[in-house]
Amino acid sequence: MAANKTSLSAGAVIRTLLLEDPDVSRRVNKIFPVWTDNAELPYIAYRRTGLEANPQKGRPGADTVQMEISCYTARYTEGVQLAEAVRSVLESAQTGHGGLTLRSCYLSGAEEAYQDDAYLQQLIFTIKL
């Protein structure tokens, strides 16, 4: 019997939203969960960095998840453009996917860096499921 999906599966919703967006899809080669050692620029890696459960009288409530979206590119400007495209897709997104309902999503932090011969735009989204 398959387990019900919970906020632990938030990455699947985020990945689907990003893959289905034509602007993001044309800008990246691949979108990976957590991390990869074997990727060709440009690409996105995403991971859950926090979760706050909010049970309601013995049943699940609206959990809050922190999701980190990392955009890796060869050029700085390309990275900023990709980050803007990601933000455009996710900011204020509300959708249902695979038994989960994304109720709200907003950008709550961002930073940039140069790492392993790539420019990195790192976006943190706070998501209610």
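In the block above lies the structure referred to throughout.
Residues numbered from 1 in each chain as written. Predicted model: local features only at pLDDT ≥ 70, side-chain atom pairs only at ≥ 80, totals over all residues. Heavy atoms only, no water.

(A) Geometry of the packing of helix α1 (residues 10–20) against helix α3 (residues 76–90). Look at α1 against α3: their axes get within 10 Å of each other, and the N-to-C directions meet at 115°. Note that α1 runs across α3; the crossing there is right-handed. Contact residues: α1 offers I14, L17 and L18, while α3 offers V86, V89 and L90. (Axes fitted to C-alpha atoms, helices over the stretch in contact; angles between N-to-C directions. Helix = DSSP H or I, 4+ residues; strand = E, 2+ residues; numbered from the N terminus. Left-handed = near helix turned anticlockwise from the far one by under 90°. Contact = heavy atoms within 4.5 Å.)

(B) Main features of the pairing of strand β7 (residues 118–128). Burial of β7 is extensive: nine of the 11 residues sit out of reach of the surface. Looking at chain direction, strand β3 (residues 64–73) and β7 are connected through 10 bridges and run antiparallel. Note that in β7 the partner of T73 across the bridge is Y119. The hairpin formed by strand β6 (residues 104–115) and β7 contains two residues between the paired strands, and D116 there has a positive phi angle of roughly 50°. (Buried < 20%, exposed > 50% of the residue type's maximum accessible area, 1.4 Å probe, protein only. Pairing = 2+ DSSP bridges.)

(C) Looking closely at the sheet that holds β7. Reading across from one edge, β1-β2-β3-β7-β6 is the order of the five strands in this open sheet, with mixed pairing throughout. Unpaired on one side and paired on the other, β1 (30–33) and β6 mark the two borders of the sheet. Each neighbouring strand pair of the sheet contributes to a mean axis angle of 20°, computed without reference to strand direction. α1 rests against β1, β2 (43–52), β3 and β7 of the sheet, and its axis sits at about 40° to β3. Against the sheet, α3 touches β2, β3, β6 and β7, its axis set at about 10° to β7.

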